[in-house]
Amino acid sequence: MKRLLGTIAIAFVFLLSACAGGGGANTEAPAFQTITATQARELMEDGEPFILLDVRNPDEFASQRIDGAILIPATRIGDLAPEHMPDLDARILLYCRSGSRSSSAARALAEMGYTYIYDFGGIIDWPYETIRG
């Protein structure tokens, strides 16, 4: 009986270590939420702090942006995010032009350990006021 319990315990420990990713590749993508422009606007107006992140290039940002946005181009997210957004638990709402770069940037932020990421796609789908400059 002791031998059987020992074998079961070893098998259980092995199973737990395998589930923890000790030996295999983790295929689960880091988490972020894709939301609509309307949902993003609601989050911006709920009184909780947030970072509004534009991941387009500087020329695009200069020509049109959502008020209050900061610019970190998607190509520089790994380099600049820690400096400009040191709080991994900050609520981050991000957008690009059409949604492709924001999705990639959201995934990169999640891989970096940011926990509250909301991708609302592209400024082309933003039905609210913007700053043109």
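Before reading further, recall that the structure is shown in the block above.
Numbers given to residues run from 1 along each chain, matching the order in which its sequence is written. Totals for whole chains, interfaces and linings use every residue, but because this is a predicted model, local features are given only for residues with pLDDT of at least 70 and side-chain atom pairs only at 80 or more, for both listing and counting. The basis for every side-chain value is the complete set of heavy atoms in the structure, and neither hydrogens nor water enter the calculation.

**Details of the nonpolar core**
Now for step 1: To form a nonpolar core, buried Ala, Val, Leu, Ile, Met, Phe, Trp, Tyr and Cys residues must be joined to one another through side-chain atoms within 4.5 Å. The cut-offs for exposure are 20% and 50% of the maximum accessible area for each residue type, with area from a 1.4 Å probe on protein chains only; residues under the lower value are buried, those over the upper are exposed, and the others partly exposed. Grouped together as the largest cluster of nonpolar side chains are 18 residues, with contacts concentrated most on Leu 53, Ile 77, Met 85, Ile 92, Leu 94 and Leu 109.
Now for step 2: Numbering of helices and strands runs from the N terminus; a helix is a DSSP stretch of H or I covering at least four residues, while a strand is a stretch of E covering at least two. The dominant element in this core, judged by the number of residues it contributes, is helix 5 (residues 100–112), at four residues.
Now for step 3: In this analysis, two residues are considered to be in contact whenever any of their non-hydrogen atoms come within 4.5 Å of each other. With residues near it in sequence (within four places) discarded, Leu 109 still touches Leu 53, Ile 77, Ala 81, Met 85, Ile 92, Leu 94, Tyr 114 and Ile 117.
Now for step 4: The next biggest cluster of nonpolar side chains, apart from the first, holds 15 residues, and it includes Leu 43, Tyr 118, Phe 120 and Trp 126.

**Overview of the packing of helix 4 (residues 77–84) against helix 5**
The description of two packed helices rests on the angle between their axes and on the distance between the axes.
Now for step 1: Helix 5 packs onto helix 4 with a crossing angle of 60° between their chain directions and a minimal axis gap of 11 Å. Judged by the inter-axis angle, helix 4 sits oblique to helix 5. Relative to helix 5, helix 4 is oriented so that their crossing is right-handed. In this structure, helix 4 contributes Ile 77, Gly 78, Ala 81 and Pro 82 to the contact, and helix 5 contributes Ala 105, Ala 108, Leu 109 and Met 112. Only the contacting stretch of a helix is used when fitting its axis, a line to C-alpha atoms as for every element, and angles between N-to-C directions run 0 to 180 degrees. Reported orientations rely on four angle classes, namely roughly parallel under 35 degrees, roughly antiparallel over 145, roughly perpendicular from 65 to 115, and oblique for the rest. Should the near helix be turned anticlockwise from the far one by less than a right angle, the crossing is left-handed, and should it be turned clockwise, the crossing is right-handed.

**Quick word on helix 2 (residues 37–44)**
Now for step 1: Restricting attention to buried positions, one finds in helix 2 the residues Ala 37, Ala 40, Leu 43 and Met 44. Down the axis of helix 2, the buried set is contained in an arc of 120°. They therefore lie on one face.
Now for step 2: Tucked inside the fold, the buried residues of helix 2 contact strand 2 (51–54), strand 5 (91–96) and strand 6 (116–122). Picture the helix axis, draw a direction to every C-beta atom, and the arc is the one those directions span.

**Observations concerning the sheet that holds strand 1 (residues 33–34)**
Now for step 1: Strands qualify as paired when DSSP identifies two bridges or more between them. Read from one edge to the other, the open sheet built from five strands follows the order 1-6-5-2-4, with strand pairing classed as parallel. Strands at the two margins of the open sheet, each flanked by one partner only, are strand 1 and strand 4 (70–71).
Now for step 2: Relative to strand 6, strand 5 runs parallel, the two sharing five bridges. Along strand 6, the bridge assignment pairs Ile 92 with Ile 117.
Now for step 3: Most of the contacts of helix 5 go to strand 5, to which it runs at about 150°, and overall it touches strand 2, strand 5 and strand 6.

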